[in-house]
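# Structural description and commentary
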Amino acid sequence: MKEEKNTDIFPKHFFWGASTASHQVEGNNENNWTVWELEHAHELARTAHRRLSWMPTWNKVKDRAEEPQNYISGAGVDHYNRYEEDFDILKQLNLNAFRFSIEWSRIEPSEGKWNEEEFAHYKSYILALRDRKIEPFMNLWHWTVPKWFADKGGFEKKENIKYFERYVKKVSEKLIDDVEYVITLNEPNIYTTFSYFLGEWPPQHKSPFLAYKVYKNLIRAHKASYDVLKAAKPRIQVGAAPNLVNIQAKRPHSFFDEMTTQVMRTSWNWWFLKKIKKHQDFIGLNYYFTDYYTGIGKRLNPKIPVNDVGFYMEPEGIYPIMLRTWSRFKKPIFISENGLADENDQFRRWWLEETMVAMERALSEGVDLRGYLHWSLLDNFEWSSGWWPKFGLVAIDRENGMKRTIRPSAKWFAGVLKDIQK
Ligand code: BGC
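Report on the accompanying structure. Within any chain, residue numbers begin from 1 and follow the written order of that chain's sequence. Whole-chain, interface and lining totals are the exception, using all residues; otherwise, since this is a predicted model, local features are given only for residues with pLDDT of at least 70 and side-chain atom pairs are given and counted only at 80 or more. Side-chain measures were taken over the full set of non-hydrogen atoms in the model, leaving aside hydrogen atoms and water.

The next subject is the sheet that holds strand E3 (residues 135-139). Taking strand neighbours around the barrel as the criterion, the eight strands line up as E1-E2-E3-E4-E5-E7-E9-E10 in a closed arrangement whose pairing is parallel. Along the sheet, successive strands turn relative to each other by an average axial angle of 25 degrees, direction set aside. Strands pair, by our definition, only if DSSP identifies at least two bridges between them. Only DSSP runs of H or I with at least four residues qualify as helices, and only runs of E with at least two residues qualify as strands; both kinds are numbered from the N terminus onward. The pairing of strand E1 (residues 15-19) with strand E2 (residues 97-101) spans three bridges and is parallel. Along E2, the bridge assignment pairs Gly 17 with Ala 97. Here the axes come from fitting lines to C-alpha atoms, over the contacting stretch only for helices, and the angles between their N-to-C directions go from 0 to 180 degrees.

So, about the packing of helix H13 (residues 318-329) against helix H14 (residues 348-364). Interaxial distance between H13 and H14 falls to 9 Å at its minimum, and their mutual angle equals 30 degrees. Here H14 runs roughly parallel to H13, going by the angle between their axes. By crossing handedness, the relation of H13 to H14 is classed as right-handed. In this structure, H13 uses Ile 318, Tyr 319, Met 322 and Leu 323 to contact H14, whose residues at the interface are Thr 355, Ala 358, Met 359, Arg 361 and Ala 362. For the contact of H13 with H14, the class distribution of residues is seven nonpolar, one polar and one charged. In these notes the angle categories are as follows: under 35 degrees is roughly parallel, over 145 is roughly antiparallel, 65 to 115 is roughly perpendicular, and the rest is oblique. Take the far helix as your reference; a near helix turned counterclockwise from it by less than a right angle gives a left-handed crossing, and one turned clockwise gives a right-handed crossing. Any two residues whose heavy atoms approach within 4.5 Å are treated as being in contact. In the scheme used here, Gly and all other residues not listed as nonpolar or charged are polar, with Ala, Val, Leu, Ile, Met, Phe, Trp, Tyr, Cys and Pro taken as nonpolar and Asp, Glu, Lys and Arg as charged.

Definition of nearness: a residue and a molecule or strand are near each other if at least one heavy atom of the residue lies within 4 Å of the molecule or strand. What surrounds the ligand is the set Gln 24, His 142, Trp 143, Asn 186, Glu 187, Tyr 288, Glu 337, Trp 375, Glu 382, Trp 383 and Phe 391. His 142 places a polar side-chain atom, nitrogen or oxygen, 2.8 Å from an oxygen atom of the ligand. Polar contact criterion, stated in full: a pair of N or O atoms within 3.5 Å, where within protein one must be able to donate a hydrogen and the other to accept it, and residues adjacent in sequence count only if both atoms are side-chain atoms. At 3.5 Å from an oxygen atom of the ligand is found a side-chain nitrogen or oxygen belonging to Tyr 288. Looking at the shell around the ligand residue by residue, the class counts come to five nonpolar, three polar and three charged.

Right, let's get into the pattern of salt bridges. A carboxyl oxygen of Asp or Glu within 4 Å of a side-chain nitrogen of Lys or Arg is what we treat as a salt bridge. Per the counting criterion, the structure on display carries 26 salt bridges. Salt-bridge contacts for Asp 291 lead to Arg 299; the nearest nitrogen and oxygen are separated by 3.5 Å. In this structure, a network of salt bridges that share partners links the residues Glu 26, Arg 106 and Glu 118.

This brings us to the packing of aromatic side chains. Both the distance between ring centres and the angle between the ring planes are used here to describe each pair of aromatic rings. Between rings of Phe, Tyr and Trp, where Trp is taken as its six-membered ring, a pair exists when centres lie within 6.5 Å; planes separated by under 30 degrees are stacked, by over 60 edge-to-face, and by other angles tilted. The full count for this structure, using the stated rule, is 53 aromatic pairs. Between Trp 270 and Phe 329, the ring centres sit 5.8 Å apart and the planes meet at 55 degrees, which makes this aromatic pair tilted. Of the two residues, Trp 270 is situated in helix H12 (residues 255-275) and Phe 329 in helix H13; the sequence distance between them amounts to 59 residues. The burial state of Trp 270 is the same as that of Phe 329; both residues are buried. An aromatic cluster of three or more residues is present, and its members are Trp 104, Trp 141, Trp 148, Phe 149, Phe 155, Tyr 163, Phe 164, Tyr 167, Tyr 191 and Tyr 196. Only when the NZ atom of a Lys or the CZ atom of an Arg is both within 6 Å of the ring centre and within 35 degrees of the ring normal do we say a charge sits over the ring. For the cation-ring pair, Lys 174 lies above Phe 119, with the distance from its terminal atom to the ring centre recorded as 5.3 Å. In this scheme, a residue with accessible area under 20% of its type's maximum is buried, one over 50% is exposed, and one in between is partly exposed, where area comes from a 1.4 Å probe on protein chains only.

For His 205, the position within the fold is in the loop between helix H10 (188-197) and helix H11 (208-232). Along the primary structure His 205 and Gln 237 are separated by 32 residues, whereas in three dimensions their C-alpha atoms are 34 Å apart. Setting aside anything within four residues of it in sequence, one finds His 205 in contact with Glu 156, Ser 195, Tyr 196 and Leu 210. Only 2.7 Å separates the side chain of His 205 from the side chain of Glu 156, close enough to count as a polar contact.

Our next topic: the side chain of Ser 172. Tracing the backbone through its elements, the reader meets Ser 172 in helix H9 (residues 161-174). You can call Ser 172 buried: its relative accessible area is 8%. A polar contact of 2.7 Å, which involves the side chain of Ser 172, links it to the backbone oxygen of Lys 169. Filtering out sequence-adjacent residues up to four positions away, Ser 172 remains in contact with Val 228, Leu 229 and Ala 232.

Here the focus is empty space enclosed by the protein. A cavity here means a set of 1 Å grid points, computed over protein atoms only, where a 1.4 Å probe fits but cannot escape. A pocket is an open set with protein on both sides within 12 Å along at least 5 of 7 lines, and lining residues have an atom within 4 Å of a point. Grid points are joined across faces, edges and corners, and a volume is the space filled by probe spheres set on the points. Inspection of the entire model under this criterion finds one cavity of 30 Å³ or more. Size it by volume and the largest cavity reaches roughly 30 Å³. In terms of lining residues, the largest cavity is bounded by Ser 22, Ser 101, Ile 102, Glu 103, Trp 104, Leu 140, Trp 141, His 142, Thr 144 and Tyr 167. Counted by class, the lining of the largest cavity contains five nonpolar, four polar and one charged residues.

See the structure below:
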């Protein structure tokens, strides 16, 4: 059957791209996460069965999840050295935008000591994107911090924000000449939840009080960064990228389900964005989840379909969350992350198709949507889950020379983009 696609809806200058994060792909980093990985790899492997055997994919991934080496980022996918090859793949996929993060621990490995070689590295990196006519979306913080900053208490302390601000100032002096879009912070809501509220990620300081404190300090850090960047280059576009969930009532007619839904939407989705309202030029929307809530605050999602890491998948849920974000803030939106763990590439094409339909719908209803950055370009290190989850448009064989193989869904996507961009 011949597919009919309306390709007129996406604006000519729409950004089509993919996202990554330094720690998940670069390799050979030395930061608070690398310390934690080495300390916890054995424990994570030992407890994998208890934590993960509920997943439908458990039998398939068990051997890898029970292997300590899985939990060590190590050589990454050697993106630090192979970035040119990876950018060529972006081109091959007809993508014209790329989101990456600067690894603070490379630039300032010890307090106040700046590594010029690393600045030069990121400079060449950005120019390599520009040479290929790929728009760089620079992210300043994707959860990892230098060890010395973690030792000082990281974002737990208000007085530490000055260090982050100083780092941003250095970046703005050295790296933003060729950059028009900057994301300050990635998913402050996920970070405070996992590192503090649940205490599962470094520094594992489990405390709701600390979670709240860190969240507030991240708001301060964002605002300070915004001011620094705008002072250095007034036309630069700055935003943050929170994790936004399509939160719905399990039973829309139930007063209690509705109430919980409203509370969850306000606290999870809007609180941070509201606080930084006057300090953002766009909103970076990271979408992975639709969650259905009951009155007692329990999540009750359909059992299928789920992806390899057990997340319930409702790609079209990006439509209501785009609409709500737009109607609340009236700021341009970039989908800064969106994707799924799908090693066999069983669902990715469907996910992309549904997402494109949702984006077309949102655009036709007046949402100022400017771009779509898929998570992720490459298979990568999925934090405390390690290496087995596969989020990449491109598969990577870490056992065999880090060989890159474009997944079929990505080939399909590239074909669609070719039509759209004609
Ligand atoms: C994060 C990524 C992560 C992805 C998939 C997002 O919340 O920003 O770093 O890999 O989700 O779980």
